[in-house]
Amino acid sequence: MTRGVRGQKQAKSLEPIRWLINKPISDKSLDGGRLVLAFCFMEVCVDRAKFKIFARKVIIYTRGKVCETPEELLASPLFAELLRRYFDELAATQSYLLRVLGDRTADADTISLFVETLQHLAKLPYTKVPSVVPGAEVFFRDMALISEFIEQLYNYWRSHDRFLLCDSEGDILDQRPYRTFNSSIETLTHLIRSVYRDIQENITLSHPRIYRQVTAGAEIAAISLPQKLQLPGGVYEKLYKIPVIRQVLINPPLILNPPMNKRTGQFVKVERNPLELVEFHQDEWLCYPARVGPLLILVYFHARFFELGFTLCNLFELAEDEDLNRQPDAVYAFGAPAGSLDGLGVFPTVFHEDAEHDLLVAAAPCDDAFGYFGYLKKMVLTLHNIKMMQAGKLPFHGAFVKMLLNDYGEKNILIIGDTGAGKSETLEALRTLGEGRIKGMFIIADDMGSLDIDEDGRIIGYGTETGAFLRLDDLQDGYAFGQIDRSIIMSPSQVNARIVLPVTTYALVMQGHRVDVVLYANNYEQVDDEHPVIERFFSVDKAFSVFREGTVMSKGTTTSSGIVHSYFANIFGPAQYREVHDRLAMIFFNAFFSQGVFVGQMRTCLGIAGYETDGPARAAEELLERLQQVASK
């Protein structure tokens, strides 16, 4: 679906791409027998591939405009390949739609004839097509059938995750991203939709009365280019030529179905730098340079996990150009070739401290078992937490929110707890129930952050993400967390269905806010006379013990279930550095009490059947009352 003629000066650089394109897809040397993504730039001659399809992904690479006319679209190699694959799927299921071919088989000649028929059908009523395309009459013997075939072919295309990557090396596309996106993703969307409608109208000889403006083109577009990053030499030279994402356009809400919907195991510290074992084909990888709190973390992700990698844009701020002028704090290779990390551990989600270069390096395998966004997000946050501890700051796993109370001023609440403990759900209930009593509510950290002590001894909190990764299962009616129309939804039909959406700004995350209340989210205990909704702790030892034990009723976000314990509800860094974290945590817990911070636990009851909505709502109401009492003293 792209066009253009290659210039002579780049001919040499395309030789590796030609080698990849000409390799049989069944070649077992390519990624263990799996399909290999070849970046196919727009300058390649029109008879060369400029796309790659594997599983349910279509990736188009371009350095200019996409198809602009129905003729170009229907004559493109991508359309021919999609049509061939669609016929193959129909044959595999013995679908009744194959009857559209009459007594013909879906061989190359038939597909060619069908494409030619559609090219004319996009301009002419079906009654006139056989007169200009000999043999086309076979497709029009059952008009209801061919109309249904076109409808399902359109749906087949839309069932793929669709990506459009603009490589702007050597031009200024990245300086005018809106023009690039308008001339690519918007053009493609309108063209595909209009061709589909024209063909259907020329089959039915009527106009529909209802038009649905579905996203028919690419769902995600990005401008990426080779960029010199401040990486050391040696093993890091492997990363030098991997394109760096500079702008992203998405068409939300997106619905994705990644291969896995749960995370298992822990991230393991290893003595060997995993980059020594990972081979990078620059045509198969992209780099998302993420601002994670004060850190710059370069996330490299393989094409097999494109839908997960691009979801980062709803979670972490994309680094500015000036950020890329300094050395990154960490590097993460998400999608290492199958088997390359096996020698590093039983469960090869690993990280390494490169003390010589002051870099953390992490890697996870390119395997469906790791095709869950949690492996991407949580490893990034693990790297952040380790860096924070090394800087003398205390990382936390929790939600931190600033509240402006009517007549009571500002109060900042930190709720610490494991995934599914009810942190976000309680805050959303608070947002709803606090109408008329809360002037403003601002998310500083939805999942991870860090604490520092300023020169006056005050505890100051910071966030990491600008977005949230939430369980759809627990978001009940009325708990409208942010704006759904900006969201990316994952595995909506499964347990642990998730939504990723922006909820705050990087400026607010990094501003630094005084901590007034610290609560542990207890989702497993019933509320009664001896177990109040909110229980205040009056000693450092009691508070330290409850937070350190990290008890929670698992909500099925990992492969664990029932009552579980995790060190400080945070296996993402603190659990691997317990001695360092214990020392820091004791310093901060003593500071909580010396500064008069309200420290306690809040029983959300989210893990108790039947209380998924009422529990957080009751906790929110009690929290609001406590805040007003504390503020009025």
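What comes next concerns the included structure. (Residues numbered from 1 in each chain as written. Predicted model: local features only at pLDDT ≥ 70, side-chain atom pairs only at ≥ 80, totals over all residues. Heavy atoms only, no water.)

**Quick look at the overall build of the chain**
For the chain, the count of helices and strands is 14 helices and 27 strands. Every one of the 633 residues in the chain was classed for burial, and the buried ones make up 56%. Within the chain, counting contacts between residues at least 6 apart in sequence, those at least 24 apart form 76% of the total. Working note: accessible area of the chain is about 25,700 Å², and carbon and sulfur atoms make up 49% of it. (Helix = DSSP H or I, 4+ residues; strand = E, 2+ residues; numbered from the N terminus. Buried < 20%, exposed > 50% of the residue type's maximum accessible area, 1.4 Å probe, protein only. Contact = heavy atoms within 4.5 Å. Areas by Shrake-Rupley, 256 points an atom, 1.4 Å probe, with all protein chains shown as cover.)

**Re the pairing of strand β11 (residues 330-336)**
Among the seven residues of β11, seven are classified as buried, and the element is accordingly described as predominantly covered. Note that strand β9 (residues 295-302) and β11 share five bridges and pair parallel. Across the sheet, the residue bridging to Y300 is A333, located in β11. Pairing analysis gives six bridges linking β11 to strand β13 (residues 359-365), with the strands arranged parallel. From the neighbouring strand, A336 faces β13, where its bridge partner is P365. (Pairing = 2+ DSSP bridges.)

**Here we look at the nonpolar core**
Within the largest apolar cluster, 87 residues are counted, with the highest numbers of intra-cluster contacts made by F306, F310 and Y332. With ten residues, helix α9 (residues 373-390) is the largest single contributor of residues to this core. Other than its neighbours up to four places away in sequence, F310 contacts F163, L165, I220, A222, I245, V248, L286 and F301. If you look at the next biggest cluster of nonpolar residues, it comprises 55 residues, including F114, A122, A136 and Y156. (Core = buried A, V, L, I, M, F, W, Y, C linked by side-chain atoms within 4.5 Å.)

**Considering the packing of aromatic side chains**
All told, the structure shown has 31 aromatic pairs when counted by the stated rule. Note on F373 and F469: the rings are 5.1 Å apart at their centroids and 70 degrees apart in plane angle, and the pair reads as edge-to-face. A residue pair is termed long-range when its members are at least 10 positions apart, and F373 in helix α9 and F469 in strand β19 (residues 467-471) qualify at 96 residues. Taken together, the ring pairs in this structure connect Y520, F544, F547, Y567, F568, F589 and F592 into an aromatic cluster. Above the ring of Y154, the side-chain terminus of R158 is found at 5.9 Å from the ring centroid. (Phe/Tyr/Trp six-rings, centres within 6.5 Å; stacked < 30°, edge-to-face > 60°. Lys NZ or Arg CZ within 6 Å of the ring centre and 35° of its normal.)

**Observations concerning the side chain of N202**
Relative to the helices and strands, N202 resides in helix α7 (residues 177-204). With relative accessibility at 14%, the residue N202 sits in the buried group. Excluding its chain neighbours within four sequence positions, the residues that come into contact with N202 are L121, A122, K123, L124, P125 and Y126.

**Quick word on the packing of helix α12 (residues 540-549) against helix α13 (residues 578-594)**
Direction vectors running N to C along α12 and α13 enclose 135 degrees, while the axes themselves pass 10 Å from each other. In this view, α12 runs oblique relative to α13, as classed from their interaxial angle. Crossing geometry of α12 relative to α13 is assigned as right-handed. Each of V540, A543, F544, F547 and R548 in α12 lies in contact with α13, whose residues at this interface are D582, A585, M586, F589, N590 and F593. Grouping the amino acids of the contact of α12 with α13 by side-chain chemistry returns eight nonpolar, one polar and two charged. (Axes fitted to C-alpha atoms, helices over the stretch in contact; angles between N-to-C directions. Parallel < 35°, antiparallel > 145°, perpendicular 65-115°, else oblique. Left-handed = near helix turned anticlockwise from the far one by under 90°. Nonpolar A, V, L, I, M, F, W, Y, C, P; charged D, E, K, R; others polar.)

**Remarks on the sheet that holds strand β20 (residues 488-490)**
On the basis of which strands lie adjacent, the open sheet formed by four strands has the order β6-β20-β21-β19 and mixed pairing. Among the strands making up the open sheet, the edge pair consists of β6 (254-256) and β19. The mean inter-strand angle of the sheet, taken between neighbouring strand axes irrespective of direction, is 20 degrees. One ladder, built from five bridges, connects β19 with strand β21 (residues 498-502); its direction is antiparallel. What sits directly across from L470, in β21, is I499.

**A look at helix α4 (residues 108-121)**
Helix length check: α4 (14 residues) gives 20 Å between terminal C-alpha atoms against 20 Å at 1.5 Å per residue, within 8%. Buried within α4 we find T110, I111, L113, F114, V115, T117, L118 and L121. (Expected span 1.5 Å × (residues − 1).)

**Focus: the pairing of strand β27 (residues 598-603)**
The buried count for β27 comes to six of six residues, which makes it a mostly enclosed element. With six bridges joining them, strand β23 (residues 517-522) and β27 adopt parallel strand pairing. Across the sheet, Y520 pairs through a bridge with Q601, a residue of β27. By the bridge criterion, three bridges tie strand β24 (residues 534-536) to β27 in an arrangement that is antiparallel. Following the sheet pairing, I534 is matched in β27 by M602.

**Comments concerning the pattern of salt bridges**
Scanning all chains against the criterion turns up 27 salt bridges. The closest approach of N and O atoms between R85 and E81, which form a salt bridge, is 2.8 Å. One end of the pair, R85, and the other, E81, are both in helix α3 (residues 77-92), four residues apart, so they sit about a helical turn from each other. We note a salt bridge from R431 to E428, for which the minimum N-O separation is 3.2 Å. (Salt bridge = Lys/Arg side-chain N within 4 Å of Asp/Glu carboxyl O.)

**Quick look at the packing of α3 against α4**
For the pair α3 and α4, the least separation of the axes is 11 Å and the interaxial angle reads 120 degrees. Relative to α4, α3 is oriented oblique. When you trace α3 past α4, the crossing you get is right-handed. Between α3 and α4, the residues in contact are F79, L83, R84 and F87 and I111, F114, V115 and L118, respectively. Class assignment of the residues belonging to the contact of α3 with α4 gives a composition of seven nonpolar, no polar and one charged.

**A closer look at the side chain of R162**
Here R162 is to be found in strand β3 (residues 161-167). One buried charged side chain, R162, makes no salt bridge at all; its nearest oppositely charged neighbour is E219, positioned 4.0 Å away. At 2.9 Å, the side chain of R162 forms a polar contact with the backbone oxygen of R158. Polar contacts involving the side chain of R162 include one to the main-chain carbonyl oxygen of T215, which spans 2.7 Å. In contact with R162, other than residues within four places in its own chain, are V58, W157, T215, A216, G217, A218, E219 and I220. (Lys, Arg positive; Asp, Glu negative; His and termini not counted. Polar contact = N/O pair within 3.5 Å; in protein donor to acceptor, adjacent residues only side chain to side chain.)

**Some details on the environment of A591**
On the secondary structure map, A591 appears in helix α13. Apart from residues lying up to four places away in sequence, A591 is in contact with I453 and I459.

**Considerations on helix α10 (residues 423-433)**
Here α10 lies mainly inside the structure; eight of its eleven residues are buried. Along α10, the residues classified as buried are K423, S424, E425, T426, L427, E428, A429 and L430.

**Looking at unusual backbone geometry**
Cis geometry marks the peptide bond from P252 to P253, where omega comes out at -5 degrees. Not every positive phi belongs to a glycine, and Q94 is a case in point at roughly 55 degrees. When you line up the elements, Q94 lands in the loop between α3 and α4. Since its relative accessible area comes to 72%, Q94 is described here as exposed. The phi angle at D358 is positive, at roughly 55 degrees, despite the residue not being glycine. Within the secondary structure, D358 is located in the loop between β12 (350-354) and β13.

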